[in-house]
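Now for the letters of each chain:
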Amino acid sequence: MIIVLRNNYSAIFYCFLFIIYFSFFGPFVPSQSLAFDPENPANRGASILIYHRFGENRFPSTNTPVAQLEDHIRLLQEGDFQILALPEIVASLLGKGPPLPEKTVAITVDDAFASVYREAFPRLQAAGMPFTLFVATDEIDRGGAAFMTWDQIRELAAAGVTIGAHSASHGHMADHPQELVTADLARSNQRFLEELGAIPDLFAYPYGEFSLETKELAAAAGYTVAFGQQSGVANRASDPFALPRFPMNQAYGNEERFLLAVKALPFPVHDVRPADPLIVENPPSFAFSVDSQVVGPADIACYAPGMGTVPVSRREERVTVTLTKAFPVGRARINCTQWAAPERFRWYGVQFLVR
């Protein structure tokens, strides 16, 4: 047994895709781009997909229709994608395993809804595709029909599905006092120990929300890495306690968007400011540094919901993004991309919390 162990997306995102396609792809010969070297380890990363429900049309923001899931499986089978188990990817990201193969993809599912067991598990198992299930333990303990049971989770674990932690209460951790978060994670760990005999190594933040303090508490709880819900390609430069995942649902899981995500390339960054995604200054002064040997001199485009494309300036390796207005209260995202190869671009995303 291996135990390594809601979110609405604005329709404006399609405007972002439109801009990306026609700003970068155009004739597919942008100026000032670096020659793409697939053998460079810095170009090796993983597009990690996040799903929630399957065939539950009453919940469109978190639902993936069964036919759409089947399309995703088909696209992965027909393409030259490498579907790896998340622990294998994590080992590589932490420098404890070999560089990832080209076009590495991982599949993750949050919350352990019953439809995962009913619809996704048999289809992914038949396709031979490993996946990770992140479980919020309180809902399983309550025993409602909407969620899986511990027996079903044990069945998935025995079949090779990686089981990860998703807190006990599925609360807004960044809003909660340290003592409450610590107790919540301890309760989750205890339930995994009692039901599965081991505490997970992998953690996913509920709603993808985290702060600097939240990351520290997740590390203190014993997790090796933690995942958000910001888009982007996980790579060796990524913060291991802020790993990105591409959200999928029925509005944003069409073939075009799916292929954009699974073909995306790492956008390695460091020295990100603000360091804490829990925003105090609004709008934040957002900047990061890149490796100019990987991220070439071609234009970088950044997008923020409600603002469209926002001004970007670059001085050598330092990139500064100027937001044109304050974010509304709640979750806010910035996505930055750079064209790198035909039909492929680097993608770096950040999710902020505004209170």
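This structure is a prediction, so every number in the text was calculated from the model and none was measured. (Residues numbered from 1 in each chain as written. Predicted model: local features only at pLDDT ≥ 70, side-chain atom pairs only at ≥ 80, totals over all residues. Heavy atoms only, no water.)

### A look at the sheet that holds strand E13 (residues 286-290)
Okay, so step 1: Strand order across the open sheet formed by four strands is E11-E13-E17-E16, with antiparallel pairing between neighbours. Where the open sheet ends on each side, the last strands, each with one partner, are strand E11 (269-273) and strand E16 (312-315). Going from strand to strand, the sheet's axes swing by 20° on average, the running direction of each strand aside.
Okay, so step 2: Here four bridges tie E13 to strand E17 (residues 318-321), and the two strands are oriented antiparallel to one another. Bridging across to E17, Phe286 finds its partner in Val321. (Pairing = 2+ DSSP bridges. Helix = DSSP H or I, 4+ residues; strand = E, 2+ residues; numbered from the N terminus. Axes fitted to C-alpha atoms, helices over the stretch in contact; angles between N-to-C directions.)

### Quick look at the pairing of E17
Okay, so step 1: Along E17, the buried face is formed by Val319 and Val321; none of Arg318 and Thr320, which line the opposite face, is buried.
Okay, so step 2: The pairing of E16 with E17 spans four bridges and is antiparallel. Bridging across to E17, Arg315 finds its partner in Arg318.
Okay, so step 3: Two successive antiparallel strands, E16 and E17, enclose a turn made up of two residues, where Glu316 displays a positive phi of approximately 55°. (Buried < 20%, exposed > 50% of the residue type's maximum accessible area, 1.4 Å probe, protein only.)

### Concerning the state of the cysteines
Okay, so step 1: For the structure shown, the criterion picks out one disulfide.
Okay, so step 2: One disulfide bridge connects Cys302 with Cys336, the sulfur atoms lying 2.1 Å from each other. In this structure the cystine formed by Cys302 and Cys336 twists about its S-S bond by roughly 110°; its chirality is therefore right-handed. With Cys302 in strand E14 (residues 301-304) and Cys336 in strand E18 (residues 330-341), this residue pair connects regions lying 34 residues apart in the sequence.
Okay, so step 3: On the accessibility criterion, Cys302 (2% relative accessible area) is buried. (Disulfide = S-S within 2.5 Å.)

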